[in-house]
Amino acid sequence: MNTTICFGGFRSEYLCGADKSTGAVRIAQYESKQVKARELHSTNPKTGKMGHIISIVNQKGGCGKTTTAVNLSAWLASKGKKTLLIDLDPEGYATLGLGIKPNSVELSIYDVLINNISLERATIPAFVDNLDLIPSNPVLSGAQLEIANLLGRETILRVALNKLFLSKAYDFVILDCSPSLNLVTINALAASKFVIVPIQAHYYSLHGMKELFSTITIIKERINADLEILGILVTLFDPRTKMSHHVLSDIRDYFKDKVFGTVVNTNVKLCEASMNQKPICLYDPESKGSKDYEQLTDEVIARILSLNKEYVAEMAFKTYGGFYK
Ligand SMILES: Nc1ncnc2c1ncn2[C@@H]1O[C@H](COP(=O)(O)OP(=O)(O)OP(=O)(O)O)[C@@H](O)[C@H]1O
Ligand SMILES: [Mg+2]
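K.L.:
Outline the overall build of the chain, supporting the account with residue identities and numerical values.
P.N.:
Within the chain one finds 13 helices and 11 strands. The buried share of the chain, reckoned over its 325 residues, is 46%. Restricting the contact set of the chain to residue pairs at least 6 apart, pairs at least 24 apart contribute 75%.

K.L.:
Requested: an account of the site of ligand 1, with residues and values cited.
P.N.:
Around ligand 1 there are 20 residues in total, and Gly-61, Lys-65, Thr-66, Thr-67 and Pro-179 lie nearest to it. Elements that contribute at least two residues to the shell around ligand 1 include exactly α2 (65-78), β10 (228-237) and α11 (268-275). When its residues are assigned to classes, the shell around ligand 1 shows seven nonpolar, 11 polar and two charged.

K.L.:
I'd like a rundown of α11, residues and numbers included.
P.N.:
Within α11, burial applies to Leu-270, Ala-273 and Ser-274. With its buried residues spanning 95° around the axis, α11 presents them on a single face. Opposite the buried face of α11, by more than 90 degrees, sit the exposed residues Val-268, Cys-271 and Met-275. Just beyond α11, the residue with positive phi is Gln-277, at close to 55°.

K.L.:
So what's going on with the packing of helix α7 (residues 156-167) against helix α8 (residues 183-191)? Which residues, and what values?
P.N.:
The contact between α7 and α8 brings their axes to 7 Å, and the two run at 45°. Taken together, the axes of α7 and α8 are oblique relative to one another. Both α7 and α8 take part in a crossing whose hand is right-handed. Here Ile-156, Leu-157, Arg-158 and Leu-161 of α7 come into contact with α8, specifically with Asn-187, Ala-188, Ala-190 and Ala-191. Partitioning the contact of α7 with α8 into residue classes produces six nonpolar, one polar and one charged.

K.L.:
Report on α2, specifying residues and quantitative values.
P.N.:
A rise of 1.5 Å per residue sets the reference length of α2, with its 14 residues, at 20 Å; its end C-alpha atoms lie 20 Å apart and thus fit the reference within 8%. Most of α2 sits out of view: 13 of its 14 residues are buried. Just downstream of α2 lies Gly-80, where phi reads positive at about 90°.

K.L.:
Give me the lowdown on the environment of Leu-212, citing residues and values where you can.
P.N.:
Mapped onto the elements of the fold, Leu-212 is located in helix α9 (residues 209-222). For the pair Leu-212 and Lys-60, spaced 152 residues apart in sequence, the C-alpha to C-alpha distance is 9.6 Å. With sequence-adjacent residues up to four places away left out, Leu-212 is seen in contact with Val-57, Asn-58, Gln-59, Leu-181 and Val-197.

K.L.:
Explain the confidence of the model for the chain to me, and be specific about the residues and the numbers.
P.N.:
Any segment with low pLDDT has predicted coordinates that should not be analysed in fine detail. Confidence in the prediction for the chain averages 85 pLDDT; 80% of positions are at 70 or higher. Counting interchain partners and residues more than four positions distant, the pLDDT-below-50 stretch residues 1-41 has 75 contacts.

K.L.:
Which residues make up the pairing of β10, and what values go with them?
P.N.:
A regular strand carries its side chains on alternate faces of the sheet. Within β10, seven of the 10 residues are buried, which leaves the element mostly enclosed by the surrounding structure. Sheet analysis places strand β9 (residues 194-200) next to β10, joined by seven bridges and oriented parallel. Within β10, the residue paired with Val-197 across the bridge is Ile-232. A crossover links β9 with its parallel partner β10, the connecting element being α9, and its sense is right-handed. Sheet topology note: the β10/strand β11 (residues 259-265) ladder contains three bridges and is parallel. Across the sheet, residue Val-234 finds its bridge partner in β11, namely Val-263.

The rules behind the values
- Residues numbered from 1 in each chain as written.
- Chains lettered and ligands numbered in written order.
- Predicted model: local features only at pLDDT ≥ 70, side-chain atom pairs only at ≥ 80, totals over all residues.
- Helix = DSSP H or I, 4+ residues; strand = E, 2+ residues; numbered from the N terminus.
- Buried ≥ 20, exposed ≤ 12 C-beta atoms within 10 Å, placed from the backbone.
- Contact = placed C-beta atoms within 7 Å.
- Near = placed C-beta within 6 Å.
- Nonpolar A, V, L, I, M, F, W, Y, C, P; charged D, E, K, R; others polar.
- Arc of directions from axis to C-beta.
- Axes fitted to C-alpha atoms, helices over the stretch in contact; angles between N-to-C directions.
- Parallel < 35°, antiparallel > 145°, perpendicular 65-115°, else oblique.
- Left-handed = near helix turned anticlockwise from the far one by under 90°.
- Expected span 1.5 Å × (residues − 1).
- pLDDT = per-residue confidence, 0-100.
- Pairing = 2+ DSSP bridges.
- Right-handed = clockwise from strand over helix to strand, strands pointing away.

In structure tokens form, the structure reads like this:
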């Protein structure tokens, strides 16, 4: 018998043989008892759809966080995934990258974090189908001091996202963080299921990683036990230089399979696309930069799918111990 389980916007095919003697996973039984997959992360109660919330984080500046956030979001949307990009940087480059002038917006992420405005009210549809944006602007730089005095200051964004998911269903929420491990970034990590860490293929890029990973560990211990690193993404890779190859090999040796197979090459079209305030899949879909980000998008979807499968199998084992192999 072939059983299909739907969760997180994905369909997972499991072969659920009725033959117990082979020890096949009894997912059908598991499903019928309504043991739900882990919430990854917020669920819309009407649709049952879960949104995968992913922070793009590295306190090192200029390593490709915003380029990754904008282009991953746009590619996810182009592949039919309903996606929300949240700009958490006062510079507002992700906002600008989608053609919206940061100072022209009526409501921004600042109003959500400080003035208790709902994410739904601050949402702007982007010009890419399936893509919405919560913009940011320089007002957010004042939020650091203001947020420090608020009750539940680390989880304001998580609460706002939970409320958003009551009325809206997104397959993915992508959070573009500023180059700082400040309270706004901590809000992003507290609200996320996954983290993507872009690292530039450069000798000094690994400096500061210890601080980033210890922050993630503390957040896991104290605020968000579900948080995990989805992948380390090597960016600005120049295949002509020995340095890029050395750094890539060091990063792979150190972080092993946590490193995405996809490497984002240095590609001038990515610069041009951001200057023209468009994602690369619209600006130049045939460019190397566009192909790299499309490949990353497929890898992100596949990784999340495989983590979900692992989790379902683990839960099935715990529930029906011994039945699965
Ligand atoms: N693969 C790439 N090829 C060419 N240029 C790139 C690439 N990735 C990013 N850039 C350029 O490098 C600069 C920094 O990239 P980006 O803004 O994405 O980094 P960031 O980590 O968000 O920076 P910050 O920490 O300041 O927020 C930008 O001008 C961007 O257009
Ligand atoms: Mg940025």
